[in-house]
Amino acid sequence: MTGSVRAMGRALHFPVTGTARGIRKVTHAHGAGESGLGKLIELHAVNGAGDVMITVALASTVFFSVPTDEARGRVALYLAITMAPFTVLAPVIGPLLDRLPHGRRAAMAGAMFARAMLALLLSGAVVTGSLELYPAALGVLVASRSYGVVRSAVVPRLLPPRFSLVKANSRVTLGGLLATGVAAPIGAGLQALGPRYPLYGAFVIFLAGTFLSFTLPPKVDSAKGEDRALLAADEEHLHGPHLIKDKLQRPGLRTVGTAVTHALGANAALRCLSGFLIFFLAFLLREHPLTGESAAVSLGIVGVSAGAGNALGTAVGAWLKSRAPEIIIVTVVACVLGAAITAALFFGAVLVACLTAVAGFSQALAKLSLDALIQRDVPELVRTSAFARSETLLQVAWVFGGAIGIVLPLNGTLGLSVAAAIVAVGWLTTVRGLLGAARHGGPTRPRVA
C-alpha cells in the first residue's frame, strides 16, 4: 500500500519536476549555468510573467470595460498620471542606479517586491475604480523599468566563455518572451474569474522573483573596474584613460565614436514606433476592426504578429554572426520604413499585421546589434553603465511614441503615415553615421558566438 502511494506521488510529481529539469537544462546550457546567466534567464522569465499579469488586469480595467470614447479618456488620464511623470523620472533611473553598483541584486529584488506590493494595492483599485489605480500603475512602471535597467547592466557580468553579448541578451529576452506567451492565457483565464485574480497571480510571481534575485552570483554586485558612462563628454569632471582634445576625460558614449550614438538614435526611433503602434492600433482596431473580425480578434492578430516578429528577431540575433551590427541596424530600420509606407498607402488587415511583425522583428534585432556595438566600442570601464543609460533613453522614447498614439484621430492611413514619419526621421538622421562607422570599423572587433 505504501509503495502504491509513493508511486502515485512520483507520478503526480513528475510533470512538475520533469518540466523544471527541462527548463533548467535549456537555460543553463553552454556554460550559462556556471556563469550565472541561466539564473538571470529564469529571473527574467519570472519578470515577464508577472508584468503580463498586471498588463491583463489594467487593460481590462482601463481599456476594455468601457466604451471607446471613455476608454480614450481613461488611457489619456493613465498617460498623464503615470507615463508623463515617468518621462521625468526615467532619465534619473540610470544615474541613480549607477550610484548603487554594489547592490544590483538588492535593486532587482526591490523592484520585484515593490511590484508585488503594488499588485495587491491594484487588486482593490481595479474593483472600485478609485484614483489610487493610477499612482500605483506609475509605481509598477517605474519598478519595471528600474529592473530593466539593472538587468541590462548585469548581463555583461554573467557572460559564459565564448558568448557574445548579443547571444547572451537574446537568450535572456527569449526567456522573457516565452514566459509572457505562457502567462498571457493564464492571466486571461484568471481575469474571467474576476479582475482581482490576475493581480493576485502577479503578487505570487513577483514575490518569487524577489527571492530569485538573491540567487544570482555575488559577482553581479561587483563594481571592480567600472566607472559611470556619460552620453556626452563631461568638461567639468576630468577622469579616465581617454585623451580627447588634449584633455583627460571620463569615457562616455560619444567619446568612443559615433556608432553607438547613431545606433541608439535608430533604436529610439523603433522604440518610439513600438509605443505609438501599441496605443494607436489598440483604439483604432477597437473602433474599426480588421475586415471580417471582431475587435478582440483584431487586437489578438496584431499582438500575436508583433510577438512572433519580436521572438523571431531575437532568435535570428542569437544565430547571426555578423561583424557589422551597423549594417544590420540600417537594414532593419529601412525594412520597417518600407513596411510602414506600404501599410499607410494600402491600409488593410494583412499589411497592418505585417507591419507589426516587421516592427517587432526589427526592434529585437536592432537592440541586439546596439548591444554588440556597446560591447565593441565602449571601454569595459564604463560598459555596464552605458547599458543602463541607453536602456533609460529607449524607455523614454517608448513613452513619447505612446503619447503621440493616444492623441491622433482614429484614421488608419493618417496614423500609419505618422508611424512612417517617425521611422524616417530616425533612419535618415542615423544612416550616414552608421554606414560611415561600418566602413571604418570600431576601436576593437566584437566577439561573436
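Higher on the page you've got the structure.
Procedures and definitions
- Residues numbered from 1 in each chain as written.
- Predicted model: local features only at pLDDT ≥ 70, side-chain atom pairs only at ≥ 80, totals over all residues.
- Heavy atoms only, no water.
- Helix = DSSP H or I, 4+ residues; strand = E, 2+ residues; numbered from the N terminus.
- Buried < 20%, exposed > 50% of the residue type's maximum accessible area, 1.4 Å probe, protein only.
- Areas by Shrake-Rupley, 256 points an atom, 1.4 Å probe, with all protein chains shown as cover.
- Contact = heavy atoms within 4.5 Å.
- Axes fitted to C-alpha atoms, helices over the stretch in contact; angles between N-to-C directions.
- Parallel < 35°, antiparallel > 145°, perpendicular 65-115°, else oblique.
- Left-handed = near helix turned anticlockwise from the far one by under 90°.
- Nonpolar A, V, L, I, M, F, W, Y, C, P; charged D, E, K, R; others polar.
- Core = buried A, V, L, I, M, F, W, Y, C linked by side-chain atoms within 4.5 Å.
- Expected span 1.5 Å × (residues − 1).
- Bend = angle between axes of the 7 residues up to and from the residue.
- Salt bridge = Lys/Arg side-chain N within 4 Å of Asp/Glu carboxyl O.
- Phe/Tyr/Trp six-rings, centres within 6.5 Å; stacked < 30°, edge-to-face > 60°.
- Patch = residues over 30% accessible without salt bridge, like charges linked within 9 Å, V, L, I, M, F, W, Y side chains within 5 Å.

A. Geometry of the overall build of the protein. On a plain count of helices and strands, the protein comes out with 15 helices and two strands. Looking at the protein residue by residue over its 449 residues, the buried ones come to 51%. For the protein, the accessible area works out to roughly 19600 Å², and carbon and sulfur atoms hold 68% of it.

B. Structural detail: the environment of L121. Considering the arrangement of structural elements, one finds L121 in helix 5 (residues 104-128). Judged by its relative accessible area of 39%, L121 is partly exposed. Separated by 82 residues in the primary sequence, L121 and F203 have C-alpha atoms spaced 10.0 Å apart. If we skip the residues at most four places from it in the chain, L121 touches E132 and A136.

C. Highlighting the packing of helix 11 (residues 325-345) against helix 14 (residues 412-428). Viewed as axis vectors pointing N to C, helix 11 and helix 14 meet at an angle of 160°, and their least axial separation amounts to 8 Å. In this view, helix 11 runs roughly antiparallel relative to helix 14, as classed from their interaxial angle. Considering only the axes of helix 11 and helix 14, their crossing is left-handed. Residues V330, V333, A334, V336, L337, A340, I341, A343 and A344 of helix 11 form the contact with helix 14, whose own contacting residues are T413, L416, S417, A420, V423, A424 and W427. When grouped by side-chain class, the residues that make up the contact of helix 11 with helix 14 number 14 nonpolar, two polar and no charged.

D. Inspection of the nonpolar core at higher detail. L40, I54 and L277 are the most contacted members of the largest nonpolar core, which totals 93 residues. Per-element tally for this core: the top contributor is helix 9 (residues 259-287), with 15 residues. In contact with L40, other than residues within four places in its own chain, are M108, R151, V154, V155, L158, V172 and L216.

E. Representation of the packing of helix 9 against helix 10 (residues 295-319) within the structure. Direction vectors running N to C along helix 9 and helix 10 enclose 145°, while the axes themselves pass 8 Å from each other. Crossing handedness for the pair helix 9 and helix 10: right-handed. Here helix 9 contributes L281, A282, L285 and R286 to the contact with helix 10, which in turn contributes A295, S298, L299 and V302. Of the residues that constitute the contact of helix 9 with helix 10, the class distribution is six nonpolar, one polar and one charged.

F. Spatial organisation of helix 5. Its 25 residues place the ends of helix 5 36 Å apart at the C-alpha level, agreeing with the 36 Å of an ideal helix rising 1.5 Å per residue. Approximately 25° is the largest bend angle found in helix 5, and it occurs at L121.

G. Spatial organisation of the pattern of salt bridges. This structure, assessed with the given rule, holds two salt bridges. Measuring nitrogen to oxygen at the nearest pair gives 3.0 Å for the salt bridge that ties R115 to D51. One end of the pair, R115, is in helix 5; the other, D51, is in helix 3 (residues 37-64), and 64 residues separate them in sequence. D51 carries the same exposure label as R115, and that label is buried.

H. Focus on the side chain of N47. With respect to the secondary-structure elements, N47 resides in helix 3. Once residues within four sequence positions are removed from consideration, N47 is found in contact with M112, R115, Y147 and F206.

I. Spatial organisation of the packing of aromatic side chains. Throughout the structure, instances matching the rule amount to three aromatic pairs. Aromatic pair Y197 and Y200: ring centres 5.8 Å apart, planes at 90°, arrangement edge-to-face. Placement of both Y197 and Y200 in helix 8 (residues 197-213) is noted, with a separation of three residues, approximately one turn of the helix. Considering the side-chain rings of F276 and F280, the 5.3 Å spacing of their centres and the 10° angle between planes classify their relative orientation as stacked. Of this pair, F276 and F280 both sit in helix 9, separated by four residues, roughly a single helical turn. Note on accessibility: F276 and F280 belong to one class, buried.

J. Structural view of a nonpolar patch on the surface. Side chains of F113, M117, L120, L193, Y197 and Y200 sit close together on the surface and give an oily, nonpolar patch of about 550 Å² of accessible area. Going through the elements one at a time, helix 5 and helix 8 are the ones with two or more residues in the nonpolar patch. Tallying contributions element by element places helix 5 first for the nonpolar patch, with three residues. Topologically, F113 is positioned in helix 5.

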